[in-house]
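# Geometric and topological summary
Okay, here's what each chain looks like letter by letter:
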Amino acid sequence: MKGFCEKAVASNCLSKSPSDTSNTSPPSVFPEAGSPDSKSSKNSSWSTFFGSAFSIFDSHSESSACPRKALHSRPNAWTTAVRKVVTGGSMRRIQERVLGIARTGISNSTSDIWLLGVCYKISQDESSGDEVPGLPAFEQDFSSRIIMTYRKGFEAIDDSDYTSDVGWGCMLRSSQMLVAQALLFHHLGRSWRKTSYKPCEPDYVDILHLFGDANASPFSIHNLIQAGKAYDLAAGSWVGPYAICRSWENLVRSKREAADLVERVFPMAIYIVSGDEDGERGGAPVLCIEDARRCCLEFSRGHEEWTPILLLVPLVLGLEKVNPRYIPLLRATFSFPQSLGILGGKSGASTYLIGVQDEEAFYLDPHDVQPVCSITADNLGADTSSYHCNVIRHIPLDSLDPSLAIGFYCRNKDDFDDFCSRASKLADESSGAPLFTVAQTHGTPKPVGHGGDSTEGNIVEGNDSFSVIPMGDGDECAGEDEWQLL
């Protein structure tokens with residue numbers, strides 16, 4: 001840490017930057033020019049830089065390690081500059097430039113957009129060039145999705161000194177977004193749209209309350225980290241898609257055991273679709289219908305054979321990048337009526353992908369830093385603007401990290417059967433390399449595995465992509481494969 005402090009002062013690398021676009025700025029119709037994708041080694045060094053800077057403000061114990069003698073000439077100048085960058089919108093812009101995900105707005109393409117199972121016709125009148133209703137409808141749908149971002153100023157997590165998740169909580173926030181959409185679809189339906197009218201719908205406000213940044217909120221990052229300790233979740237550490245999916249499973253189970261009325265908190269079963277060795281060795285996932293039914297029976301305490309169910313499918317679709325053969329399959333999942341999007345992004349920078357057009361995926365970005373926001377379940381007049389964003393960002397599908405997780409929500413047995421039919425058809429069209437397969441029981445043949453860049457689709461051996469990488473000040477993480485750091 002001492003070395004980082006001295007280098008940061010000497011290099012003046014945190015210079016003043018212009019203010020950034022806020023969450024509530026209107027969407028741009030054309031994409032802004034983004035910088036080229038960074039090399040993985042560059043990503044690693046910048047990720048270490050950001051993590052070290054963030055920990056200065058989020059952990060008192062780490063901050064006290066910086067010697068005063070390195071700062072005596074200008075005691076607060078560089079600290080103030082770093083704090084301004086980290087807590088302001090410019091932090092997100094710097095991270096986007098480094099990781100190459102600064103592309104915003106809608107392109108000139110007239111191709112359809114699929115947003116969580118809904119298709120929008122994006123075409124233009126050749127005579128006037130005016131936008132047709134498909135674009136405004138897409139923008140309204142996009143801005144109605146719940147976004148969870150970095151927060152600062154919340155109560156400390158467990159016995160740590162972390163009062164912010166800046167720099168390390170992006171996967172946790174991305175997963176919160178996916179689960180929040182599932183609850184939104186369940187309670188209010190896919191056609192619900194956010195309005196400016198007050199009072200707000202009680203179910204909508206209650207959902208936001210569940211994800212507050214406090215121990216009292218059932219699905220806060222505080223409780224998520226507590227539930228994920230078996231998978232080495234800890235404040236200040238990055239975590240992979242598999243671990244976060246299992247952590248949600250543990251969290252929901254713990255809430256069910258703690259309250260008889262858990263259905264009011266999480267009104268659906270949760271099923272992690274995994275492969276061989278419980279998915280920890282990169283085995284190809286297989287959705288077992290009998291297992292899904294068993295999850296529903298357990299959730300209903302034996303009263304119902306089928307209940308609403310949340311399906312989470314963690315995947316590893318390559319080594320250093322997504323194997324191109326999987327990209328059309330990923331794109332097709334957004335057309336499923338049951339689609340909840342994808343937890344994914346660049347290495348060390350998780351996002352929540354909710355839509356696709358051509359070869360681009362639209363996403364909600366958790367990397368904006370906002371003050372803590374506490375919304376009580378009965379506050380129907382609460383300001384909920386920090387939970388929505390109308391800045392439309394997108395990323396090329398072929399630049400995604402290969403470690404990701406797909407989510408689906410099925411409301412009932414008919415919906416589940418429809419999903420299985422669509423998934424089986426997609427697997428049949430995959431030329432022998434499906435994202436996952438559907439089987440009635442475990443007795444069916446094993447599906448084809450997910451390989452690296454070979455065309456044989458072999459199972460990834462020795463894959464440790466689901467591990468947690470602690471943040472640190474040194475270079476000990478520089479040799480890690482950055483694609484593991486979602």
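A brief structural summary.

Quick look at the overall build of the chain now. Secondary structure assignment for the chain yields 14 helices and 16 strands. Scored against the burial criterion, the 486 residues of the chain give a buried share of 56%. Long-range contacts, defined here as pairs at least 24 residues apart, represent 75% of the contacts in the chain between residues at least 6 apart. Of the accessible surface of the chain, which amounts to about 19,900 Å², a share of 50% is contributed by carbon and sulfur atoms.

What follows deals with the side chain of R145. Positionally, R145 belongs in the loop between helix 6 (134-144) and strand 4 (150-152). When its relative accessible area of 1% is taken as the criterion, R145 is described as buried. Those residues in contact with R145 that sit more than four places away from it in its chain are L116, Q181, L184, F185, R190, W192, R193, I354, L364, Y387 and H388.

To continue, consider helix 14 (residues 413-428). In this model, helix 14 (16 residues) spans 22 Å end to end at C-alpha, consistent with the 22 Å of a helix rising 1.5 Å per residue. Where helix 14 is buried, its residues touch strand 7 (286-288), helix 12 (289-299), strand 8 (309-316), helix 13 (327-333), strand 14 (403-410) and strand 15 (437-439). Its side-chain oxygen placed 3.3 Å from the backbone nitrogen of D414, N412 serves as the N-cap of helix 14.

The subject of this paragraph is unusual backbone geometry. With glycine set apart, most residues show a phi of negative sign, and most peptide bonds adopt trans. Note that the residue after K198, namely P199, is joined by a cis bond; omega there is 5°. Within the secondary structure, P199 sits in the loop between helix 7 (170-188) and helix 8 (202-210). Phi at R301 is positive, roughly 55°, even though this residue is not glycine. Note on placement: R301 falls in the loop between helix 12 and strand 8. Accessibility expressed as a relative area gives 41% for R301, which makes it partly exposed. Backbone geometry at S431 places phi at a positive 55°, although glycine is not the residue there. What makes S431 exposed here is its relative accessible area of 63%.

On to helix 12, then. Residues I289, D291, A292, C295, C296 and F299 constitute the buried set of helix 12. Seen along its axis, helix 12 keeps its buried residues to an arc of 165°; they face one direction. Phi for R301, located one or two positions after helix 12, is positive at around 55°.

Residue placement: R193 occurs in the loop between helix 7 and helix 8. Each C-alpha atom of the pair R193 and D141 lies 6.4 Å from the other, and the pair is 52 residues apart in sequence. Filtering out sequence-adjacent residues up to four positions away, R193 remains in contact with Y120, Q140, D141, S144 and R145. Within polar-contact distance, the side chain of R193 engages the side chain of D141 at 3.3 Å. Separated by 3.0 Å, the side chain of R193 and the backbone oxygen of R190 make a polar contact.

Once that is clear, we can look at the packing of aromatic side chains. Using the criterion set out here, one finds 16 aromatic pairs in the structure. Centre to centre, the rings of F211 and W248 are 6.3 Å apart; their planes meet at 50°, and the pair counts as tilted. In this pair, F211 sits in the loop between helix 8 and helix 9 (221-227) while W248 sits in helix 10 (residues 241-258), placing the two residues 37 residues apart along the sequence. Under the relative-accessibility criterion, W248 is labelled buried at 2%. With centroids separated by 5.8 Å and ring planes inclined at 35°, the aromatic side chains of F336 and F408 adopt a geometry described as tilted. Remark: F408 occurs in strand 14 and F336 occurs in the loop between helix 13 and strand 9 (339-346); sequence separation between them is 72 residues. Each residue in the set Y120, F138, F142 and F362 is aromatic and connected to the rest through ring pairs, giving one cluster.

Moving on, we get to the nonpolar core. Among the nonpolar cores identified, the biggest contains 70 residues, and F138, W168, F211, I244, W248, F266 and L310 are the most heavily contacted of them. Top element by residues in this core is helix 7. It accounts for ten residues. Those residues in contact with I244 that lie beyond four places of it in its chain are M171, L172, S175, L224, L233, V239 and L343. One finds L287, C296, C410 and F436 within the second-largest nonpolar core, a separate group that totals 43 residues.

All right, on to the packing of helix 7 against helix 8 then. Closest axis-to-axis distance for the helix 7/helix 8 pair is 10 Å, and the angle between their directions is 160°. Taken as axis vectors, helix 7 and helix 8 run roughly antiparallel relative to one another. The element helix 7 and its partner helix 8 pack so that their crossing is right-handed. Contacts between helix 7 and helix 8 involve A180, L183, L184, H187 and L188 on the former and, on the latter, D203, Y204, I207 and L210. Partitioned by chemical class, the residues of the contact of helix 7 with helix 8 number seven nonpolar, one polar and one charged.

Another aspect to go through is the pattern of salt bridges. With the rule as written, the count across this model stands at 16 salt bridges. For R253, the salt bridge is made with E249, and the minimal N-O distance between the two is 4.0 Å. Of this pair, R253 and E249 both sit in helix 10, separated by four residues, roughly a single helical turn. Look at R253 and you get partly exposed, because its relative accessible area is 34%. By relative accessible area, which is 15% here, E249 ends up buried.

About the criteria used
Residues numbered from 1 in each chain as written. Predicted model: local features only at pLDDT ≥ 70, side-chain atom pairs only at ≥ 80, totals over all residues. Heavy atoms only, no water. Helix = DSSP H or I, 4+ residues; strand = E, 2+ residues; numbered from the N terminus. Buried < 20%, exposed > 50% of the residue type's maximum accessible area, 1.4 Å probe, protein only. Contact = heavy atoms within 4.5 Å. Areas by Shrake-Rupley, 256 points an atom, 1.4 Å probe, with all protein chains shown as cover. Expected span 1.5 Å × (residues − 1). Polar contact = N/O pair within 3.5 Å; in protein donor to acceptor, adjacent residues only side chain to side chain. Arc of directions from axis to C-beta. Phe/Tyr/Trp six-rings, centres within 6.5 Å; stacked < 30°, edge-to-face > 60°. Core = buried A, V, L, I, M, F, W, Y, C linked by side-chain atoms within 4.5 Å. Axes fitted to C-alpha atoms, helices over the stretch in contact; angles between N-to-C directions. Parallel < 35°, antiparallel > 145°, perpendicular 65-115°, else oblique. Left-handed = near helix turned anticlockwise from the far one by under 90°. Nonpolar A, V, L, I, M, F, W, Y, C, P; charged D, E, K, R; others polar. Salt bridge = Lys/Arg side-chain N within 4 Å of Asp/Glu carboxyl O.

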